[in-house]
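Results of the structural survey
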Amino acid sequence: IMENDGLILPKDFPKLKNDAFLRACHGQETNHVPVWCMRQAGRYLPEFREFRAGKDFFETCRSPAACCELTLQPLRRFPFDAAIIFSDILVIPQAMGMDVQMVAGKGPTFPEPLKEPEDLLLLQPKVDVNKELGYVFKAITLTRHKLDGKVPLIGFTGAPWTLMAYMIEGGGSTTHSKAKRWLYRHPEASHKLLKMLTDVIVEYLLGQVAAGAQALQVFESHAGCLGPVEFQEFSLPYLRDIARKVKDQLKESGQDVPMIVFAKDGHYGLEDLSQSHYEVVGLDWTIDPRSARERTGGKVSLQGNMDPCALYAPKERISEIVKKMLEGFGTRGYIANLGHGLYPDMDPENVGAFVEAVHTHSRHLNLK
Ligand SMILES: Cc1c2[nH]c(c1CCC(=O)O)Cc1[nH]c(c(CCC(=O)O)c1C)Cc1[nH]c(c(CCC(=O)O)c1C)Cc1[nH]c(c(C)c1CCC(=O)O)C2
């Protein structure tokens, strides 16, 4: 590892040994279907709970060594084909000047959420991502070295609408009515906020790539509370802008980093998402694999989409569900994953059974 004044530098990274995930992002042939799980670094792992015990969540996010350790934990147990950096989507509102705390049993909480358009003046208009989010970049660089080329490292961000919803709701919500009120009552201010977020997100993703991220996932976790019309106006244009701007910048420096868009419950937007400059569209479990393939017309690779709750099934049943899923998606241009993150009460053994089922069944299907 290159060190300079205690800094680990984003160069001379170890050679990548398993490129199945990156090849699948680009629709290229692979021996097996690559697999990873959203929230693979999480509370379902006893070693994760032990490491996180007594530490503040966002303090942990600010420690590159802790993020590196938590990112690597699941890879010591399971032969996942990709790692995702341990962090959170809410580091961006923090970088813009908002206070966000992780409250046990409640989830992320903003003590002072945005209430009215004039509150936008309280946000940092220009965010220096190296200064405010440099700790994420350091975590990525360190983790890329420590991964030793085992699998590629995925960086990520929340999408503008999802972050806006948190900033106005002040935490989780079932209706998102406070945030949606802005869309109907303050459309101009909404666009202003979405544009501010987009600018920070683009710089943040470019910083992650410069630090060593080999793929990028954009989480539009709250697509489901929008309808097709609101999605067209308040989500899709910004998702497109992010991909276009990040790719234009990367092209200038000759880099090619695949991007994944995951709009949870955004099935109404699937055709549009497949034409929004992302190589991969992530799917939740409400979409049938075959119809997702038809609707995206082979233009993109697909990622997903087993119901996370299927991991409560016995291992033999998990294997059957995985086989059906693989037959539906096909083994080319496909990355197996869950339709959303793992829950804390899931059995690590069943996660192992999921990964093994993907590898075994896909190798078998490829030989046919
Ligand atoms: C909406 C969202 C958040 N964070 C994230 C999203 C988008 C994905 C999605 O739709 O779920 C993204 C995220 N958060 C985390 C990761 C790490 C990488 C991974 O393993 O996937 C990623 C990719 C760690 C985390 N982020 C969080 C945890 C669990 C809390 C802990 O570790 O103490 C982890 C492992 C906390 C968090 N952070 C957030 C929520 C809703 C929660 C859960 C709160 C709770 O259940 O108590 C906001």
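Everything numeric here is computed off the predicted structure, so don't read it as measured data.

1. Description of the site of the ligand
The environment of the ligand is formed by 22 residues, the closest being R39, R43, R52, S221 and H340. Here R52 contributes a side-chain N or O atom positioned 2.7 Å from an oxygen atom of the ligand. Within the side chain of D88, a nitrogen or oxygen atom sits 2.7 Å from a nitrogen atom of the ligand. With the chains in place, 87% of the 870 Å² that the ligand exposes on its own is no longer accessible. At the level of elements, helix 2 (46–52) and strand 5 (107–109) are the ones that each hand at least two residues to the shell around the ligand. Looking at the shell around the ligand, its residues break down into 13 nonpolar, 5 polar and 4 charged.

2. Structural notes on the sheet that holds strand 6 (residues 153–158)
Across the sheet, which stays open at both edges, the 7 strands sit in the order 3-6-7-8-9-10-11 with parallel pairing between neighbours. In this open sheet, the two edge strands, each paired with only one partner strand, are strand 3 (83–84) and strand 11 (334–338). Inspection of the sheet shows strand 3 paired to strand 6 by 2 bridges, in the parallel sense. Bridge pairing links A83 to L153 in strand 6. Lying over the sheet, helix 10 (residues 187–211) contacts strand 6, strand 7 (215–220) and strand 8 (259–263), oriented at roughly 170 degrees with respect to strand 6.

3. Thoughts on the confidence of the model for the protein chain
Predicted confidence across the protein chain gives a mean pLDDT of 97, with 98% of residues reaching 70 or more. Interface confidence in the predicted complex, given as ipTM, is 0.94; pTM for the same model is 0.97.

4. Digging into the nonpolar core
With 131 residues, the main nonpolar core has F21, L193 and F354 as its most contacted residues. Residue contributions to this core peak at 13 residues, all from helix 10. Ignoring anything within four residues of it in the chain, the contact list for F354 reads V35, C37, M306, L311, I318, V322, M325, N337 and L338.

Rules of the game
- Residues numbered from 1 in each chain as written.
- Predicted model: local features only at pLDDT ≥ 70, side-chain atom pairs only at ≥ 80, totals over all residues.
- Heavy atoms only, no water.
- Near = heavy atom within 4 Å.
- Polar contact = N/O pair within 3.5 Å; in protein donor to acceptor, adjacent residues only side chain to side chain.
- Areas by Shrake-Rupley, 256 points an atom, 1.4 Å probe, with all protein chains shown as cover.
- Helix = DSSP H or I, 4+ residues; strand = E, 2+ residues; numbered from the N terminus.
- Nonpolar A, V, L, I, M, F, W, Y, C, P; charged D, E, K, R; others polar.
- Pairing = 2+ DSSP bridges.
- Contact = heavy atoms within 4.5 Å.
- Axes fitted to C-alpha atoms, helices over the stretch in contact; angles between N-to-C directions.
- pLDDT = per-residue confidence, 0-100.
- Core = buried A, V, L, I, M, F, W, Y, C linked by side-chain atoms within 4.5 Å.
- Buried < 20%, exposed > 50% of the residue type's maximum accessible area, 1.4 Å probe, protein only.

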